[in-house]
Amino acid sequence: MPHVVIKMIEGRGEEQKQRLTELVTKAIMDGAGCKESSVSVAIEDVPAADWTAAVYRTEIEPQMDRLYKRPGYKPD
């Protein structure tokens, strides 16, 4: 039962979010070998000014050793 939470800087439209959800769902189904009905996806918009404190410092940085895909940036 994969559940994916996507946090990204706000500003993308509903159509783009739906397309992203479809692509992520297909990738999860393929990679995890599960049915579409087993996958759920949430998208959380984060204001750009809050990204470093709300996401990078609290969720990305402390878990670098657990990330399978690390970001290619470091905030100031």
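This text goes with the structure placed above it.
Everything numeric here is computed off the predicted structure, so don't read it as measured data.

Draft legend 1. Structural context of the side chain of Ser 38. Turning to its location among the elements, Ser 38 is positioned in the loop between helix 1 (14-32) and strand 2 (40-46). Overall, Ser 38 belongs to the buried group, its relative accessible area being 16%. Dropping the residues within four chain positions of it, Ser 38 is found in contact with Met 1 and Pro 2.

Draft legend 2. Highlighting the pairing of strand 2. Here 7 bridges tie strand 1 (residues 3-9) to strand 2, and the two strands are oriented parallel to one another. Across the sheet, residue Lys 7 finds its bridge partner in strand 2, namely Glu 44. Following the chain from strand 1 across helix 1 to the adjacent parallel strand 2, one finds a crossover that is right-handed.

Draft legend 3. Quick peek at the pattern of salt bridges. Inspection of every chain in the model, using the stated rule, returns 5 salt bridges. A salt bridge links Lys 17 to Asp 45; the shortest N-O distance between them is 2.6 Å. Taken together, the positions of Lys 17 in helix 1 and Asp 45 in strand 2 put the pair 28 residues apart, joining distant regions of the chain. For Lys 17, a relative accessible area of 15% corresponds to the buried category. On the accessibility criterion, Asp 45 (36% relative accessible area) is partly exposed. A salt bridge links Arg 19 to Glu 22; the shortest N-O distance between them is 3.9 Å. Residue Arg 19 and its partner Glu 22 are both found in helix 1; the two are separated by 3 residues, about one turn of the helix. Residue classification places Glu 22 among the partly exposed positions, given a relative accessible area of 40%. Here the salt bridges do not stand alone but share partners, grouping Lys 7, Glu 44 and Glu 59 into one network.

About the cut-offs
Residues numbered from 1 in each chain as written. Predicted model: local features only at pLDDT ≥ 70, side-chain atom pairs only at ≥ 80, totals over all residues. Heavy atoms only, no water. Helix = DSSP H or I, 4+ residues; strand = E, 2+ residues; numbered from the N terminus. Buried < 20%, exposed > 50% of the residue type's maximum accessible area, 1.4 Å probe, protein only. Contact = heavy atoms within 4.5 Å. Pairing = 2+ DSSP bridges. Right-handed = clockwise from strand over helix to strand, strands pointing away. Salt bridge = Lys/Arg side-chain N within 4 Å of Asp/Glu carboxyl O.

So yeah, pure geometry; function would need other evidence.
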